[in-house]
Structures are given as structure tokens and as C-alpha cells.
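Examination of the molecular architecture
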Amino acid sequence: MQKPVNTSLQSLFRILGIILLFVCFTDVKAQQLHPDTITKRFVQYSENNLQEKIYVHTDRELYLASEILWFKLYHVNSTSNRSIEFSKVAYVEIIDKNLKPVLQAKIAIDSGSGSGSLYLPVSMPSGNYQLRAYTSWMKNFSPDYYFEKNIKIVNALAKPEKRKALILDENYDIQFFPEGGNMVESLTTKLAFRAVNSQGKGIDFRGNLVDENNKVLLSFKPLKFGIGSFAFTPEIGKTYRAIIEIPGSKTIVKQLPLVKTGYVLRLESVGKEQIKVKIQANEGLLNQKLILFVHTRQNKNTSEYITLSNGNAEFLIERNKLAEGISHFTLFNLYGQALAERLYFIRPSNYLNLDIKADRSVYSRRSKVVIELSSKDEKGLEVDANASLSVFSSNAAASDEADIFNYLWLKSDLKGNIESPAYYLKNTDATADEALDNLMLTHGWRKFVWQEVISKNSPEFSFIPEIDGPIVQGRITDNRTQSPSRNILTYLSLPGKKLHLYGARSNSSGVINFHTRDIYGPVQLVAQTDTQQDSIYKIEILSPFSNVFSNTKTSEFTLDEQLRSQLSTQSLSSQVQNVYSSNRLRTFYPALIDSNAFYLKPDKTYLLDNFVRFNTMEEVLREYVSEVPVTRQKDDFSVWVTVRPHLVNVPRSVKPLIILDGVPIFDSGNKIIKYNPKNIRSLDVVAQKYFLGTLSFEGILNFKSYKGDLPDFQLDKRATITDYEGLQLKREFYSPVYDIAEQTESRLPDFRNVLLWSPQININKDGKKTISFYTSDQENNYTIMLQGISFSGKAGSASLNIQVKK
């Protein structure tokens, strides 16, 4: 039994608590805030803290090693769910149970969407993995708001691992959440709780609330998914514990949050039209003027004064004043200190009603399937939609967690795992309403800190948005001291035929940001300083992928026997496909990029094959390139460009930037003079001053070899040369056509289990789209899954089952 706390000490602590609360109230009157002031600062903060969301539709959720995972990205504004033109790059990763990235890709985003694929290596172990996606801008906020999705990958060729016995009575996570934020002495409060196992799934249990004398005050149990709530009134000076009894496991004792002096903010639904707001304060805080601020998805609903009378205030708010989704109620004092917070959810009534109709329900092998897609709003009016569609063998049903509607309205705005989110949105009975309110109490919504909002300080961000393309970030250090170097001009280039040249200056932390464009596929990067001026620096290219992770837990990997049997057949089919269709599965579309150099049109281009070939570059330049004089002092050469400045018709020679196959050559010209001219195909001469971002050149000499591979040229040893994976090239989805007898009767096997993946389906304003594809040789049940979002931000999904047999 616990020893009782000394009564005099209890009184002292209580008085001190009241004094601390009043510290914020004793400031000068000029510093008090008006409700409009909070609104203004909230709006300013929201404008400077644009919130993005990414949703990822995958072609399915169960894969075999050696298969391809196809996906579509939906990129929206979190306030409206509308497509957003902001970040142009998304980062997609597959993470294993040890939080190690297994596969990574950079995906181009255009007009609010992007698509890609990931080949799952043959050596990939069986297990549950986490697919996550985010932008560079999203890295400024908690990883809890990255998109996350669990996928199951099976390696049918590897020996199955022996399953470790689960310890059922360990690794339970049990937490208690007072409504409004605190348990306040002598005031009735609702206390929500959440109990999950090591897999993040809710558990069933029986609990008792006891005081320090082990007196049972009440009993409680979860309502849904390990979540529930109860009301009670904590007494002054007492402590409380919860005794949790889990069937088949040991009893767990949890200490409840400490009882404090302060405020209680309670919300109760009154019928279908109103919300009762109850605000209470305990002794010492009875008669005060406070501010209640309510917003939904960063849009203000209400901001007004609330006056306590004898420590109480009670009033009604019309539900139609709140927007649909999660509303955030925050109670402030007049000095901008947040005192209590509460979330409230209104189920969305606006949605995208997608529908799929097939010309038949049963098909033979290698036969044509015609489906008609339609999209309507909640009123039945046809609307346009950006959608994606997958047709896959139904060996594992898709979970409701994969639904775009559930994700955008619920899961994306709450921290932690939400078990069966569709339950909360589809059901509207009293039990579902109570479960939904419990969910609001147990999953904290916080994408900002109120102190940052109320203060007028501009937020500082470590990661800038990639509004044009990937930002290659690096760090430059002084080789002598190993310390970061600031304000150093650095150059980034890509060897090749397409000229990519970028410049940046380092900040106070030595960080450099190169704003690149149109870099696709595997390339080499060359980062360097002008070694004629800065020769003591080292450049390191940093990974753009996030190194922080959410608290979401990966569940235990299991397979039932029926699924194992199905996967054995699927594994054989996958192997056949890889043998007979490997070339088609590895076909990528070329990137559509501008092939012009950044200077667009040179003043003169020389194709050296049009001239008699000399053995030295000095002879070539002196004999043919009149704009490029060459001077020499002993063995030291200098290469110049003759320019005619504007307004002055007097030519002069200037030092140009010399480029070879896209890479700047920083010396006076010795290296290029000594280079074999027979390796050079052409030379562009820019005989004028040119500005490129932070860079400026008096002139440019761009030498190009035949293959763009710097043949027989040794780059400066001080340059940083690194392999880099650019934006992912789009892989072609292999979908054969059997519209003539010769194709249908072909003996080449077709063992596809994904019949169609179409990530860019645009349903026009009449709300209709017709698509066709062909079945394979695989007799099976197939699921057609359609997901999409309208121009106005309404999301929805639909599915249809078909069968293929003889």
C-alpha cells in the first residue's frame, strides 16, 4: 500500500500551482491579446507553413520477391485536399522492421500527381515492410505525417524462417489521455485510454480505477480497437492507478496522469445539430476572461471571448459553423497561453462516388475486358477526376487503410496507427459516434506548437521546398580545420551530352543547395570549387532521404496455409514471366527534357570534323576559332574569348568558363590545350557575359566529345565525384493485346497476375471513361481497384470482382 502524502505539503503544492498559473496573468494590460489578434497570427502562421499531404495508391498490398511494385502519388493541400502545385519531387522508400531503407526512389510530381515502380529483388527476405512517401518540405515537420503503408513481401524461394513464439504478456502500450489535456482536481473529466499490443493492434481487457488506498472507484473496458473512455472526478491530493487485466496475460498497473490545478474543456454532441462546450476552472481561477479559438484544417471557425462565472462557462455551438473533418478547439488566456485543447470530428458528406461496370463478370483466358468508369459527386452530378486503376489476382483482400478517402480525411491528420479507419467514417450509429470521439481524445493532432503561432517570430525551416526539381544538398568543409565553410561558391555538374551546370554559395553551416532540373536515372555528379581561387575545401553530397521515423510499428509477419498455397502458384508464374518477358518488364520511357544548353544559342558553333584535323588543340584554336585567342608564356597557356561589350565597339579578351562534356575545367587553359583534339566533336563559343543563378561568366567555351564521357581526361583530384540516382524514369507496364488469332494462339506463356496498372486515368467532365485490357493464362478471381480525386478535392474509391476461367 502506498503511503499517504502529507496534507500540508499537498496544500503547499496546490498554492504554488495556482501562483504559477497567475504568473502569466500579471503582465501589463497592453500585452493582452484580442481574439482577432490570435486569428491574425494564426492566419499568418498558416500562410507561412503550407501543409502538404501525399497519398500513395499501390497496385496491391501483397508481393513476391522478384515482382514489381507499381504506385501512384496523389499530392494535395491539407486544407482542401485539392491538388497542389508546390513540391515537384517526392521521396518513396520501403523500410524494413529495423527501420533500414531497402529501396528508395525520387519521383517527379506534376500537377498534383506522380507515378513510379520499384523492382523487389530476388534476395529480399519475407516480411512486413513499410512503404512511406514525403517531400523535402514535409521533412520540416514530424515524420508522423509522412504517408505510411504496410505491405507484405514473400520470398517463396527462400527457406521459411522459424517463427519466434510471441510473448503475449509483454510489450503492451497502454496510455491515458485526459480530455482537454490535464486531470484537474475537483473537476469531473473524461479520461480516454488506448491499449495496443506490440503489433499496434487494439487489445481487449478489463480495468479497474483505484486510489492510493487501493479502493476501486470504477471499472472500465475498451469500446472499440482497444480504445475507450470513462468520466470521474479526481480529488485533491490523491493519486490514481489503473489495474489492467489482459486475458491470457499478466496484470498490468499504470499510474494515471498527475492531478493539477487548471482548466477542463469538455465537448458533448447535442443531437445532430449542436455541440455543447463546457469550460471549468477550479478554486483560484473562478472568474476570468478567456479566449476560445476553433479551426478546421487551418481555416478559422470561431475566435471569441469566454467569461467564467464561478469557474464555469457553458454554451452551444452550431455544428454547421464547423467545417467537415477534424476541428481543433483551443482555450487561451488573454496572454496567448494555450490552457486546454480538444479535437472534434464531423464526418465528411462530400465525396467522390466512383463506379466500375464491366461488360461481363466471367471471362475466358486471353479475352478482352471492357470496363466503364464513372465519377459523380455526393449529389449524383458528373465530375472530372484524376484516378488510378489496378487489376490484380485476389489472393489477399485490400485493407480499408489503403483507401484514399479514409487517409485524407482521418489517418493523415492523426498521429499513430489507426486500426480500421473505415469503421469510423462508414458507420453512423451511437457506438461508432462514441468510438470516433474516443479516437479524437487518444490521437493527438499537432502540426505546430501554439507558442510558435502566437509569437510573431518567423519560423525557421531546415529544408526548402523543391518547387522546380531535386535540390542536391551538400556540405563544404575546410580541409585544414574540418570545420564548415561559409560563403564559398561551389559548382555542380553532370558529365554527359546534356549540359547541367549549377552554382550555389554555402551558408553559415557550410550547407550548399544546388537547384537542379531534369536529372533522371543514374548519373555521376561532380562537385567542386574554382581551384584557382579555393583549393582547400572538401565537398560532401548529402542524402535527400529522411533519417527520422514515426512511431508506427510493423506487425508480425504471418502467412496462413491457404495463402501459402496460392503464393506457390504465383511464384511459379512470376518466374515464368521473368524468363519470357524480362525485356518488356525492364522497358523504361525516355524522359522528355529540353536538350538545349542553358545558354540556349551560342554565338558560334564549330564542328571539328568539317575541318582538317590537327594534332594539338593549340593549332585547332589558332587556325579555326578566331574568337578564341591563345597566349603562351613558356609552358603556361592561357585561353581567352574575344567579346564586344555593349555600347563600346572595342573588342577585348576575357577569361571564359571552359567546359568539357558538361564539367567546368578550372585552370587558365593548360588542360584543354594539352587535350587530344581528335576526341572533340564540337565547340560552342559564347562571346558575351552570361549569368546563371549565382554564377556569372565573362564568356563560355563548351567542348563536346562524341559520347559525352570525358574520354582520356583526368578530373581534378580535389573534385568530389559521386554516383547519384536522379528522378526515376517511368517503367512501361507490360499488357499484351490478343485481338487477332495469331496472338491468341501464341505458345508464349502469359502468367501475369496483375492484368492492368494504369496510374494516369483522367475522367473528363461528363464523368465517364472506358478502358479495355486482356486477361492472361491465369485462371483466378481478380479485383479491379479504382481510386481517385476530383479537381475540387473530393476523394473516393471503388472495386469490382471478375473471374477468369476456361
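Because the structure is a prediction, the values reported are computed rather than measured.

1. Observations regarding the overall build of the protein
Secondary structure summary: the protein contains eleven helices and 50 strands in total. If one aligns the C-alpha atoms of the protein with their principal axes, the spans along those axes are about 100 × 80 × 55 Å. In the protein, which comprises 806 residues, the share counted as buried stands at 52%. Sequence separation of 24 or more characterises 70% of the internal contacts of the protein that already satisfy a separation of 6 or more.

2. Concerning the pattern of salt bridges
One pass over the full model with this rule turns up 30 salt bridges. A salt bridge links Asp413 to Lys53, with the shortest nitrogen-to-oxygen separation between them at 3.4 Å. Of this pair, Asp413 sits in the loop between helix 3 (404-409) and helix 4 (421-426) while Lys53 sits in strand 1 (residues 52-58), and the two are 360 residues apart along the sequence. Given the relative accessible area of 4%, Asp413 is considered buried. Among the residues examined, Lys53 registers a relative accessible area of 3% and is labelled buried. A salt bridge links Lys276 to Glu314; the nearest nitrogen and oxygen atoms lie 3.7 Å apart. Pair noted here: Lys276 is in strand 19 (residues 274-281) and Glu314 is in strand 22 (residues 312-318), with a separation of 38 residues, a long-range link. On the basis of relative accessibility, which here comes to 53%, the residue Glu314 falls in the exposed class.

3. Side note on the sheet that holds strand 4 (residues 89-95)
The mixed open sheet is built from five strands, whose spatial order is 2-8-7-4-5. Edge strands, defined here as strands with exactly one partner in the open sheet, are strand 2 (62-64) and strand 5 (101-108). Strand-to-strand, the axes of this sheet are offset by a mean angle of 25 degrees, without reference to chain direction. By the bridge criterion, three bridges tie strand 2 to strand 8 (residues 147-154) in an arrangement that is parallel.

4. Thoughts on the packing of aromatic side chains
Counted by the stated rule, this structure contains 37 aromatic pairs. For the ring pair Tyr606 and Phe611, a centre distance of 6.3 Å and an interplane angle of 45 degrees mean the geometry is tilted. The class for Phe611 is partly exposed, based on a relative accessible area of 30%. Members of the aromatic cluster, connected to one another through ring pairs, are Phe176, Phe193, Phe205, Phe220, Phe230, Phe232 and Tyr240. We note Lys106 situated over the ring of Tyr724; from NZ or CZ to the ring centre the distance is 4.4 Å.

5. Brief notes about the environment of Lys456
As for its placement among the helices and strands, Lys456 is situated in the loop between helix 6 (450-454) and strand 29 (471-478). Put simply, Lys456 and Gln298 are 158 residues apart on the chain and 17 Å apart in space, counted from C-alpha to C-alpha.

6. Observations regarding the side chain of Asp661
Examined against the element boundaries, Asp661 turns out to sit in the loop between strand 40 (657-660) and strand 41 (663-664). The buried charged residue Asp661 lacks any salt bridge partner; its closest oppositely charged side chain belongs to Lys704, at an N-O distance of 8.5 Å. Of note is the side chain of Asp661, whose polar atom sits 2.6 Å from the side chain of Ser705.

7. Some details on the nonpolar core
Counting 38 residues, the largest nonpolar core has Leu73 and Ile94 as the members making the most contacts within it. Where this core is concerned, the elements lending two or more residues are strand 1, strand 3 (68-77), strand 4, strand 5, strand 7 (127-134), strand 8 and helix 3. Excluding residues that lie within four positions of it along the chain, Ile94 makes contacts with Leu69, Lys100, Pro101, Val102, Leu103, Leu118, Leu120, Met124, Tyr129, Gln130, Leu131 and Ile151. Counting residues in each nonpolar core, the second largest holds 32 residues, with Val630, Ile658, Val663 and Leu701 among its members.

8. Section: the confidence of the model for the protein
Within the protein, residue pLDDT values average 89, and 93% of them lie at 70 or more. Counted against residues more than four places away or in other chains, residues 15-30, with its pLDDT under 50, gives 19 contacts. Across residues 165-169, confidence stays below pLDDT 50; counting only partners more than four residues off in sequence or on other chains, it has four contacts.

9. A look at helix 5 (residues 430-442)
In this model helix 5 runs 19 Å from its N-terminal to its C-terminal C-alpha over 13 residues, within 8% of the 18 Å that 1.5 Å per residue would give. Regarding helix 5, the residues found buried are Ala432, Ala435, Leu436, Asp437, Asn438, Leu439, Met440, Leu441 and Thr442. Packing partners of the buried residues in helix 5 comprise strand 9 (173-178), strand 11 (189-196), strand 14 (227-232), strand 23 (325-332), strand 24 (338-346) and helix 4. Of the residues flanking the start of helix 5, the one acting as N-cap is Asp429, its side-chain oxygen 3.0 Å from the backbone nitrogen of Thr431.

10. Re the sheet that holds strand 31 (residues 501-505)
Pairing within the open sheet is antiparallel, and its four strands lie in the order 31-30-33-46. Bordering the open sheet on either side are strand 31 and strand 46 (720-725), each of which pairs with just one other strand. For this sheet, the mean inter-axis angle between neighbouring strands, taken without regard to orientation, is 25 degrees. Bridge count between strand 30 (residues 489-493) and strand 33 (residues 522-529): four bridges; the pairing is antiparallel. Residue Thr490 lies in a different strand from strand 33, and its bridge partner there is Thr529.

11. Looking at unusual backbone geometry
Positive phi outside glycine occurs at Gln298, with the angle close to 70 degrees. Within the fold, Gln298 resides in the loop between strand 20 (289-296) and strand 21 (299-307). Of note, the phi angle at Asn310 is positive, near 55 degrees, even though the residue is not glycine. One can find Asn310 in the loop between strand 21 and strand 22.

12. Concerning helix 9 (residues 617-624)
Inspection of helix 9 places Met617, Glu618, Val620, Leu621 and Tyr624 among the buried residues, and these make up the whole buried set. On its buried face, helix 9 is in contact with strand 35 (604-607), strand 36 (630-633), strand 37 (636-639), helix 10 (670-673), strand 42 (680-686) and strand 45 (700-705).

13. Structural notes on a nonpolar patch on the surface
A surface patch of nonpolar side chains, about 290 Å² in accessible area, is lined by Val579, Tyr580 and Leu748. Position of Val579 relative to the elements: it lies in helix 7 (residues 561-580).

Definitions and cut-offs
Residues numbered from 1 in each chain as written. Predicted model: local features only at pLDDT ≥ 70, side-chain atom pairs only at ≥ 80, totals over all residues. Heavy atoms only, no water. Helix = DSSP H or I, 4+ residues; strand = E, 2+ residues; numbered from the N terminus. Buried < 20%, exposed > 50% of the residue type's maximum accessible area, 1.4 Å probe, protein only. Contact = heavy atoms within 4.5 Å. Salt bridge = Lys/Arg side-chain N within 4 Å of Asp/Glu carboxyl O. Pairing = 2+ DSSP bridges. Axes fitted to C-alpha atoms, helices over the stretch in contact; angles between N-to-C directions. Phe/Tyr/Trp six-rings, centres within 6.5 Å; stacked < 30°, edge-to-face > 60°. Lys NZ or Arg CZ within 6 Å of the ring centre and 35° of its normal. Lys, Arg positive; Asp, Glu negative; His and termini not counted. Polar contact = N/O pair within 3.5 Å; in protein donor to acceptor, adjacent residues only side chain to side chain. Core = buried A, V, L, I, M, F, W, Y, C linked by side-chain atoms within 4.5 Å. pLDDT = per-residue confidence, 0-100. Expected span 1.5 Å × (residues − 1). Patch = residues over 30% accessible without salt bridge, like charges linked within 9 Å, V, L, I, M, F, W, Y side chains within 5 Å. Areas by Shrake-Rupley, 256 points an atom, 1.4 Å probe, with all protein chains shown as cover.

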